[in-house]
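Spelled out from the first residue to the last, the chains are:
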Amino acid sequence: TYPHLKTNLVIAGRKGWKWENILTSYNKLKDHILFTGYIEEEDLPYLYGRAKVFCYPSHYEGFGLPLLEAMGCSTPVIYGANSAMKEIVGEAGLGVSSLDTNAIMDAMYLLLTDETYWKEMSLNSRIKANQYTWLKCAYHTILCFDNQIES
């Protein structure tokens, strides 16, 4: 749709339900779409760190660890604003309806073309991701157990 951007779409992970529709619908762009298949966990930071944008417009998602992983690599994120991800990412990313392809496309276009905004979102992503650590998770888990024991 925007050939002047000279960018590629990388779709990581296993091919899911109805994945064939993506290729048949966008056959003219097949030279700009790469399906990686499964990515080993140790390779994810490399992929996240080199992505200009991480787009994860999930319909139903729990906590959203992939978003935090991308944000931890200073990669701005686009997420489905219809789940817990809105609470996790907040203003550090762009929330869109996961069913609104135009909104997803507009968010991607904004982050790919507005370098100043991209830099702001990149910094915000890193700051927000740093609020979530496994040490904090362990601490709050212990607090929950302590509260249960005291009750």
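Everything discussed here concerns the structure shown above.
These numbers were taken from a predicted model, which means no experiment stands behind them.

## Observations regarding the nonpolar core
Core analysis: the biggest nonpolar cluster contains 15 residues, and F54, L67, M71, V77, Y79 and V89 have the highest contact counts within it. Breaking this core down by element, the ones donating at least two residues are α2 (44–50), α3 (65–72), β4 (77–80) and α4 (85–89). Of the residues forming this core, the biggest block, 4 residues, is contributed by α3. When sequence neighbours within four positions are dropped, the list of residues in contact with L67 reads F54, Y56, V77, I78, Y79, M85 and V89.

## Topic: the pattern of salt bridges
All chains considered together, the criterion is met by 1 salt bridge. A salt bridge links K52 to E115, with the nearest nitrogen and oxygen atoms 3.0 Å apart. Placement of the pair is K52 in the loop between α2 and β3 (54–56) and E115 in helix α6 (residues 115–129), with a sequence separation of 63 residues. Looking at E115, the relative accessible area reads 37%, which means it is partly exposed.

What counts and how
Residues numbered from 1 in each chain as written. Predicted model: local features only at pLDDT ≥ 70, side-chain atom pairs only at ≥ 80, totals over all residues. Heavy atoms only, no water. Core = buried A, V, L, I, M, F, W, Y, C linked by side-chain atoms within 4.5 Å. Buried < 20%, exposed > 50% of the residue type's maximum accessible area, 1.4 Å probe, protein only. Helix = DSSP H or I, 4+ residues; strand = E, 2+ residues; numbered from the N terminus. Contact = heavy atoms within 4.5 Å. Salt bridge = Lys/Arg side-chain N within 4 Å of Asp/Glu carboxyl O.

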